[in-house]
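Structural overview for review
For reference, the chains in residue letters:
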Amino acid sequence: MPENKSGYVPNKIRKKINPEILWLLAIFLLAVALRTAAAFSRGMVQFDETSYARMAENLLLVQNPLDITGTSATWYSILYPLTMDALKFSPNIVTPGYTVSILFGSLIILPTYLFGKLMWNQRVGVAAASLVAVLPVMVDKGSIVDGQSMFAFWLMCALLFGYRMQFTMRCKCGMLAGTSLGLAYLVNPSALYYLVVLFVLMIVVGLRQELANVANKTAAQFMLLFLVVAVPNIAYMTWENSSFTVDGRPHDQIYASIHGLKPETADRDRVTMGLDVNGDLKLRDLQQGPDLMLTLIQEPVDFIKAVLRNDYNFYVRGIQDVLPVWLLLLMGLGMFKDVWTRGETLRYGYLALVMAPLLVLPVTSVDLRFVVPYMGLAMLPVARGWVFLE
């Protein structure tokens, strides 16, 4: 084509920026700005935040990543402090922690948008991403030195690719889901629940659609990629604890919930940590009890009572801290404005299955930061109701 000296570019070769990208960029920058402002407004860092900072510091010195108490760091997962070290450009070790949280807390909008677009349409995706960017609990907990924002991002990616995997049977989706879930596991061992769910779901869907060979191949690649990412951490925790370990977190909150011990009370500290004659806490004398599954098997009645009691306190009495009440109206509108078709039932069935841990979450922890991984999914029906009102 001869050069046009006037600088005019014909319309047919003029590149046009996709408005979809501009919307996502604007929402991402808004999310970053809100979380950065929230981070600057914080005062003293908390215990878990200093523990992550100490782990990152030890890793930089090529030492065992002990936490601030000098004990084993298997209570805290390894990927978050490793990422802190990768983004350390100043002597301050806490600043990279804020950077990682703000970055991944803002990136959650991407899988949220793709989920909304895949399940319904682009408008629902944009609305859901916008809600995640400004939701108070997401801004607040996405601006602290903690791994939940990173866990939320990788878990959302795993669930997105897992959803695609169920309907397309594509091996690429299985591999991406397995890799994303492995990275989520390196931040929070709760990802193991989704390993079982997505694997079984893949097999069941394959059998129902008479595509067992393809489904088995996809499921095998999903499992293989997860193990490639997760096994080194499992090996490290097993070596550190001198016994096979896939989840190094303590279970003191489960014990406290079953026995009706309220958080931040003298009774809870006395029972779970122990008190010496001077009233000082014995941090190494933690009363943990069995893990979640063993508690359910050994004390089913007490467990159910604890779930009902803690769910009521967390989701009914404290709902305003989790989700503004007016958003619940939009959620109801988004879910029930139409009669559910088979496709709609499958969508909400998938969402219910992957959000099921919210039912027992208040038993394992009463900290709001642990709801962050599920807020992107919860915003999907809210966004659908919002779009309906437009």
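Up top is the structure these notes are about.
Residues numbered from 1 in each chain as written. Predicted model: local features only at pLDDT ≥ 70, side-chain atom pairs only at ≥ 80, totals over all residues. Heavy atoms only, no water.

For the protein, the count of helices and strands is 20 helices and zero strands. By the burial criterion, 46% of the 390 residues in the protein qualify as buried. Partitioning the intrachain contacts of the protein with sequence separation of at least 6 by distance along the chain shows that 73% fall at a separation of at least 24. Carbon together with sulfur atoms contributes 65% to the accessible area of the protein, which is approximately 19,900 Å² in total. (Helix = DSSP H or I, 4+ residues; strand = E, 2+ residues; numbered from the N terminus. Buried < 20%, exposed > 50% of the residue type's maximum accessible area, 1.4 Å probe, protein only. Contact = heavy atoms within 4.5 Å. Areas by Shrake-Rupley, 256 points an atom, 1.4 Å probe, with all protein chains shown as cover.)

Glancing now at the packing of helix H5 (residues 109-119) against helix H20 (residues 372-389). Direction vectors running N to C along H5 and H20 enclose 40 degrees, while the axes themselves pass 10 Å from each other. The two elements H5 and H20 cross, and the hand of that crossing is right-handed. Residues Thr112, Phe115, Gly116 and Met119 of H5 form the contact with H20, whose own contacting residues are Gly376, Leu377 and Leu380. Of the residues contributing to the contact of H5 with H20, the split by class is four nonpolar, three polar and no charged. (Axes fitted to C-alpha atoms, helices over the stretch in contact; angles between N-to-C directions. Left-handed = near helix turned anticlockwise from the far one by under 90°. Nonpolar A, V, L, I, M, F, W, Y, C, P; charged D, E, K, R; others polar.)

Looking now at the nonpolar core. The nonpolar side chains of a soluble globular protein tend to be buried with one another. Within the largest apolar cluster, 96 residues are counted, with the highest numbers of intra-cluster contacts made by Phe115, Leu159, Leu181, Leu323, Met375, Leu377 and Met379. At twelve residues, helix H8 (residues 148-168) tops the list of elements feeding residues into this core. Those residues in contact with Leu323, other than ones at most four positions away along the chain, are Leu135, Leu328, Met331, Met375 and Met379. (Core = buried A, V, L, I, M, F, W, Y, C linked by side-chain atoms within 4.5 Å.)

The subject of this paragraph is the pattern of salt bridges. Side chains bearing opposite charge may pair, as long as their charged atoms lie close to each other. Taken as a whole and assessed by the stated rule, the structure comprises seven salt bridges. The shortest N-O distance in the salt bridge between Asp140 and Lys141 comes to 3.6 Å. Members of the salt-bridge network, linked through shared partners, are Lys337, Asp338, Glu344, Arg347 and Arg384. (Salt bridge = Lys/Arg side-chain N within 4 Å of Asp/Glu carboxyl O.)

Right, let's talk about the side chain of Thr112 for a bit. With respect to the secondary-structure elements, Thr112 resides in helix H5. By relative accessible area, Thr112 is classed as buried at 0%. Apart from residues no more than four positions distant in its own chain, Thr112 is found in contact with Ala128, Ala129, Val132, Met156, Gly376 and Leu380.

Take the packing of aromatic side chains next. Within this structure, the stated rule accounts for eleven aromatic pairs. The interplanar angle of 70 degrees and the centroid separation of 5.0 Å between the aromatic rings of Phe153 and Trp154 together place this pair among those described as edge-to-face. Their ring planes at 90 degrees and their centres at 5.0 Å tell us that Phe314 and Tyr315 sit as a pair that is edge-to-face. Exposure remark for Phe314: the relative accessible area of 10% places this residue in the buried category. Grouped by ring-pair contacts, the aromatic residues Trp120, Phe336, Trp340 and Tyr348 constitute a single cluster. (Phe/Tyr/Trp six-rings, centres within 6.5 Å; stacked < 30°, edge-to-face > 60°.)

A few words on the packing of helix H17 (residues 325-336) against H20. Remark: H17 packs on H20, axes separated minimally by 7 Å, with the N-to-C direction vectors making an angle of 80 degrees. With respect to H20, the element H17 is oriented roughly perpendicular. Contacts between H17 and H20 involve Leu327, Leu330, Met331, Leu333, Gly334 and Met335 from the first element and Ala378, Pro381, Val382, Arg384, Gly385, Trp386, Phe388 and Leu389 from the second. Among the residues forming the contact of H17 with H20, the class breakdown is eleven nonpolar, two polar and one charged. (Parallel < 35°, antiparallel > 145°, perpendicular 65-115°, else oblique.)

With that out of the way, let us pick up H20. Between its terminal C-alpha atoms H20 stretches 26 Å, which fits the 26 Å expected from 18 residues at 1.5 Å a residue. Along H20, the sharpest change in direction is near 30 degrees and occurs at Leu380; proline Pro381 comes one to four residues later. The buried fraction of H20 amounts to 15 of the 18 residues, a majority that puts the element mostly inside the structure. (Expected span 1.5 Å × (residues − 1). Bend = angle between axes of the 7 residues up to and from the residue.)

Moving on, we come to H17. Here H17 contains twelve residues, and its C-alpha end-to-end distance of 17 Å stays within 8% of the 16 Å for a straight helix at 1.5 Å per residue. Of all the residues in H17, the buried ones are Leu327, Leu330, Met331, Gly334 and Met335. Projected down its long axis, H17 carries its buried residues within an arc of 130 degrees, all on one side. Of the exposed residues in H17, those oriented more than 90 degrees away from the buried face are Trp326, Leu329 and Phe336. Where H17 is buried, its residues touch helix H6 (122-134), helix H18 (342-354) and H20. (Arc of directions from axis to C-beta.)

By the secondary structure assignment, Leu195 is in helix H10 (residues 192-208). Along the backbone, Leu195 and Gly182 are 13 residues apart, and their C-alpha atoms lie at a distance of 8.9 Å.

Now for the side chain of Glu344. Mapped onto the elements of the fold, Glu344 is located in helix H18. Judged by its relative accessible area of 7%, Glu344 is buried. Within the structure, the side chain of Glu344 is placed 2.6 Å from the side chain of Arg347, a separation counted as a polar contact. Side chain to side chain, Glu344 and Arg384 meet in a polar contact 2.8 Å long. Excluding residues within four positions of it along the chain, Glu344 makes contact with Trp120 and Arg384. (Polar contact = N/O pair within 3.5 Å; in protein donor to acceptor, adjacent residues only side chain to side chain.)

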